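An overview of the molecular structure
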Amino acid sequence: MNSMVIENVHIAPVVGAEIPSGHIHVEGDRIAALGPGPAPAVPGATRVDGTGCLATPGLVNTHHHLYQWASQGLAQDGTLFEWLVALYPLWAAMDAEVVKGAAGAGLGYLALSGCTTSSDHHYIFPKGRGDLLAAEVEAAQELGIRFHPVRGSMDRGASQGGLPPDVLVEKLDEILDATADAVDTYHDPSFSSKLRVAVGPCSPFTVSADLMTEAASLARSKNVRLHTHLAESLDEEEHCLAQLGMRPLEYMEKLGWLGPDVWFAHAVHLSDSDIGTFARTRTGTAHCPSSNGRLGAGVARVTELLRRGANVGLGVDGSASSELTSLFGEMRQALLFQRARYGPAAVTARQALEMATIGGAGNLGRQEEIGSLEAGKLADIALWRLDGFAEAVADPVCALVFGGRQPPLALLLVGGETIVEDGELRTVAQDELARAGGAARRRLARLAEEQGFAAAKEVHA
Ligand SMILES: [Zn+2]
C-alpha cells in the first residue's frame, strides 16, 4: 500500500487550526494522520521534505465545459447570449476525438493549477459523433483526477423560443434515457470514488420546464445530484420574465429545483429574497468570477451568500469564456471581485481558499471525503512551493491567494497518487496532452467548415 510522509510543511487544513511546521502521513488513498512537528517513524514510507512549502487540500472545480478547450479565444467581446449564438454552430461540429483532446488538455491544465477534483457540465450531443461522455471520462481516468461529469442536455431550440439552433437540441425522451444510462454506466457512490455523475439540463433558456422537472425526478430516483446554469446574465432574467413570467430562481423553485442536492453555476443576479432562499434550502453555488468578468455578466453577491451561510464553491466555467482555465486563478479573482464590490473585509484569503476546497466539496456532496486535510479523509493534497519570491510574504495563505502568479506546485496528490511533481504532470505526457488540445481546436474548426456552418467561419475570420 502506498505510504508517504510529508514533513516540515506549513499546513492549511481548511477545517481545523493551521500548523506552521508539521507533518502529513498518507496511507493508501487516505490521510492517516497530521499534526505539528516531525512524523513518528513510518517504516517503508516515502518521505517528502516540505520545507518552504504550504500544504492545502487539492482544489475542487464545480463548473466547467471541457469541450470548450477547442474553441478558446473566439467571440471575445460578446455578451453571454451573443457569445453563445456565435459559438453554437462551431460546437455543433464536435465529435468524440475533439472532446477527448479538449478534455485531456483542459483537465491536465487544471491539475497544474492545483485541482484534484473537477466537475464537467457537458450539454451538447450532436448525433452520430461518437460517445462524447465516454471520451471525457477516459481523459480523466488517464490523468487520474477525481471526476464528476454532469450529463447535460438541451431540448428547447429556437423554434420553441429557446436560444440554441434546433440542430443542437435533443428530444426529451432520448435525453432522459441517455442520462439514466450515463448514471448506470459510470456513477460510483463509494467513499473513494473517482467518478460520479450528476444530472444537468443546461439552463432555463435552453431547456423546457418538462425536462427540468423530469430530470429532477430522475436524479432523485437515482440518488445523484442536480446542476444547471442560473441567473448568469440580465439577458437571462429578461428572457425568463418575458417567456416564463417569473425570475430565474422563482422558476427553479416552482420546478422543484432547490435543495442540498442542487448546485447552480453563477447565480450572479439574485434578489435579497433569492439569497435567503439559497441559505434556507442549502442550495449550492458555483461562483465563476473570471467567466462573469470576461462576459461582462456582473459580480455575484457571494459575500452576502456566505454571510447568510449558503454554500459557495468555485468554478472555472468553460474554457471558451475563461481562456486557459486556472482554478488557482479563480481563488484570487473571487477575492478581488468581492472586495471591489463590498470592501476589504468582504472575503478573506482563508475564505477564498475555503470556497476553492470545502465549498466545492459541498457542491458535489463530498464534504465528508474531500475538501479539507483531516485524518480519515481522502489524500487529495496540493503542496505549493513558497520558498522562492513568495518567501517575502509574511503569511503563506496570503502569498497563495493574494499573489497574482501561481507558486510552483511541488506535489499534487489525488488519493495518495502523484499527479503533479515539480510542476509537471506525471501520469500523462504533458507535451502530448497540450498538443492534443491544439489539435482538437484545429479539428473542430475543420469539421465545422466541412459542414458549412457560416457562423463558424465568421468566428474564425
Ligand atoms: Zn457554464
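All values reported here derive from a predicted model rather than from experimental measurement.

About the thresholds
Residues numbered from 1 in each chain as written. Predicted model: local features only at pLDDT ≥ 70, side-chain atom pairs only at ≥ 80, totals over all residues. Heavy atoms only, no water. Helix = DSSP H or I, 4+ residues; strand = E, 2+ residues; numbered from the N terminus. Buried < 20%, exposed > 50% of the residue type's maximum accessible area, 1.4 Å probe, protein only. Contact = heavy atoms within 4.5 Å. Patch = residues over 30% accessible without salt bridge, like charges linked within 9 Å, V, L, I, M, F, W, Y side chains within 5 Å. Areas by Shrake-Rupley, 256 points an atom, 1.4 Å probe, with all protein chains shown as cover. Salt bridge = Lys/Arg side-chain N within 4 Å of Asp/Glu carboxyl O. Lys, Arg positive; Asp, Glu negative; His and termini not counted. Charge placed at Lys NZ, Arg CZ, Asp CG, Glu CD. Donors = N, O, S within 2.8 Å, 3.2 Å for Na, K, Ca; no water. Tetrahedral: all angles 85-135°; square planar, octahedral: opposite > 155°, others 65-115°. Phe/Tyr/Trp six-rings, centres within 6.5 Å; stacked < 30°, edge-to-face > 60°.

One can find Thr-418 in strand 16 (residues 417–421). When its relative accessible area of 25% is taken as the criterion, Thr-418 is described as partly exposed. The sequence separation of Thr-418 and Ile-6 amounts to 412 residues, and the corresponding C-alpha distance is 13 Å. Once residues within four sequence positions are removed from consideration, Thr-418 is found in contact with Met-4, Leu-411, Leu-412, Leu-413, Arg-426 and Thr-427.

Let us look at a negative patch on the surface. Taken together, the side chains of Asp-131, Asp-173, Asp-177, Asp-181, Asp-210 and Glu-214 present a region of like negative charge at the surface. Among the elements that take part in the negative patch, helix 4 (residues 172–186) stands out by supplying 3 residues, more than any other. For Glu-214, the position within the fold is in helix 5 (residues 209–221). Since its relative accessible area comes to 41%, Glu-214 is described here as partly exposed.

This next bit is on the pattern of salt bridges. In total, this model carries 26 salt bridges according to the counting rule given. For Glu-421, the salt bridge is made with Arg-426, and the minimal N-O distance between the two is 3.6 Å. Given the relative accessible area of 33%, Glu-421 is considered partly exposed. Connected through salt bridges with shared partners, the residues Glu-18, Arg-350 and Asp-395 form a single ionic network.

All right, on to the coordination of the zinc ion then. Metal coordination angles in their ideal form are 109.5 degrees for the four-donor tetrahedron and 90 or 180 degrees for the six-donor octahedron. Summarising the metal site, the zinc ion is bound by the protein donors His-63 (NE2), His-65 (NE2), His-229 (NE2) and Asp-317 (OD), whose distances to it range over 2.1 to 2.3 Å. Taken together, the 4 donor atoms coordinating the zinc ion and their angles of 90 to 173 degrees define a geometry best described as irregular. Binding-site remark: the zinc ion is held by donors from one chain whose sequence spacing is H-x1-H-x163-H-x87-D. Remark: Asp-317 occurs in the loop between strand 13 (312–314) and helix 11 (327–342) and His-65 occurs in the loop between strand 6 (59–61) and helix 1 (80–91); sequence separation between them is 252 residues.

A few words now on the packing of aromatic side chains. Under the counting rule described, the total for this entry stands at 9 aromatic pairs. Aromatic pair Trp-83 and Trp-91: ring centres 5.6 Å apart, planes at 75 degrees, arrangement edge-to-face. Here Trp-91 falls in the buried class, since its relative accessible area comes to 0%. Ring geometry for Phe-264 against Phe-278: centres 5.9 Å apart, planes inclined by 75 degrees, an arrangement best described as edge-to-face. With Phe-264 in strand 11 (residues 262–266) and Phe-278 in helix 8 (residues 272–281), the pair connects residues that are 14 residues apart, well separated along the chain. Of the residues examined, Phe-264 reaches a relative accessible area of 0% and is grouped as buried.

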